[in-house]
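Observations on the three-dimensional arrangement
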Amino acid sequence: MRRRLPAAGLALGIVLTLLAAAPALAAGYRYWSFWDGADGGQWSYATQGPSLSRPADGSVQGFRFAVSKDAAAEAAKPRAAADFEAVCGATAPVEGRKRVALVIDFGVQADAPTGEVVPQQAPRTACAQLAPEATTAEALAAVAKPLRYNSAALLCAISGYPQHGCGEQMAETGAAQASAEPSGSGPGGVPSAGLLVGIAAVAFLAAAGVWQSRRRRR
């Protein structure tokens, strides 16, 4: 019975360590996510950034500012439907130009950076008329300046909001932990300090268990 106690203690220590690291794994980001309009007014997480996306005539593109995960299943979606007719129905087509409907959701006050106020509560919509080869970034610039990007081409601000910050990693408490420097359409980062400490602690406990086991055999 006594020989089983060290193993049980080791298992308990590993579980507690992983639980302590869990908040770091649950961290999200404060950022503008980018969405493609899908059938039925739904949204699908964009697979490329707005500077690379070249929407066709009749497309709907959405943006949402929020604190959320950088993942299609977990990121906060625009709170308005992807409805081209509702946005561009009153804009007459022009030969040699395309129409792109934009839905810009500035999010809720709870997700706003400290000291800043959400520009408007309801999502903003606009219909951009552009050259056939224009990108989503050009469509956005036509209706929602000023825009702000970081050195990795991540969209940081639309219509000047927010004034500061860009893709900050957030803890569960909502406090910024680190600034992300991604290269894709959404934020990216490195393992948090809490997670690294947790992994190191697990490794230490495992090594201690092996040492104790060998000691008993001698």
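Residues numbered from 1 in each chain as written. Predicted model: local features only at pLDDT ≥ 70, side-chain atom pairs only at ≥ 80, totals over all residues. Heavy atoms only, no water.

What about the pattern of salt bridges?
Two side chains of opposite charge can pair, provided their charged atoms sit close to one another. The line we're drawing: Just to be clear on terms, a salt bridge is a Lys or Arg side-chain nitrogen sitting within 4 Å of an Asp or Glu carboxyl oxygen. The cut-offs for exposure are 20% and 50% of the maximum accessible area for each residue type, with area from a 1.4 Å probe on protein chains only; residues under the lower value are buried, those over the upper are exposed, and the others partly exposed. Each helix is a run of H or I in the DSSP string that is no shorter than four residues. Each strand is a run of E no shorter than two, and both are numbered from the N terminus.
Tallied over the full model, the rule gives three salt bridges. We note a salt bridge from E74 to K69, for which the minimum N-O separation is 3.4 Å. Judged by relative accessible area, which is 24%, K69 ranks as partly exposed. Residues R79 and D105 are paired through a salt bridge, measuring 2.8 Å at the closest nitrogen-oxygen approach. Of the two residues, R79 is situated in the loop between β3 (59–68) and α2 (84–88) and D105 in strand β4 (residues 98–105); the sequence distance between them amounts to 26 residues. Counted as one network, the salt bridges with shared partners bring together R64, R79 and D105.

Regarding the pairing of β3
The cut-off we apply is this: We treat two strands as partners when DSSP finds at least two bridges between them.
In terms of burial, β3 is largely enclosed, as nine of its ten residues are buried. Sheet topology note: the strand β1 (residues 28–37)/β3 ladder contains eight bridges and is antiparallel. In the strand pairing of β3, R30 is matched with V67. Judged from the six bridges that link them, β3 and β4 form a sheet pairing that is parallel. Across the sheet, the residue bridging to F63 is I104, located in β4.

Examining the packing of aromatic side chains
Short version of the rule: Here is the rule: rings of Phe, Tyr and Trp (six-membered ring for Trp) pair when centre to centre is within 6.5 Å. Planes less than 30 degrees apart are stacked, more than 60 are edge-to-face, and the remainder are tilted.
One pass over the structure, following the stated rule, counts six aromatic pairs. Relative to F106, the ring of W32 lies with its centre 5.6 Å away and its plane at 80°, an arrangement referred to as edge-to-face. Within this pair, whereas W32 is found in strand β1, its partner F106 is found in the loop between β4 and β5 (124–130), the two being separated by 74 residues in sequence. You'll find W32 and F106 in the same group, each marked buried. An angle of 15° between the planes, with centres 5.0 Å apart, marks the rings of F34 and F63 as stacked. Separated by 29 residues along the polypeptide, F34 in strand β1 and F63 in strand β3 bring together distant segments of the chain. Classification of F63 by relative accessible area gives buried; the value is 0%. The structure contains a cluster of three or more aromatic residues connected by ring pairs, namely W32, F65, F106 and Y161.

Quick notes on the state of the cysteines
Quick reminder of the rule: In what follows, a disulfide is any cysteine sulfur pair within 2.5 Å.
One pass over the structure, following the stated rule, counts two disulfides. At a sulfur-sulfur separation of 2.1 Å, the disulfide partner of C88 is C127. Between C88 and C127 the disulfide shows an S-S torsion of about 110°. By sign, it is right-handed. Here C88, found in helix α2, pairs with C127, found in strand β5; they are 39 residues apart in sequence, far enough to count as distant.

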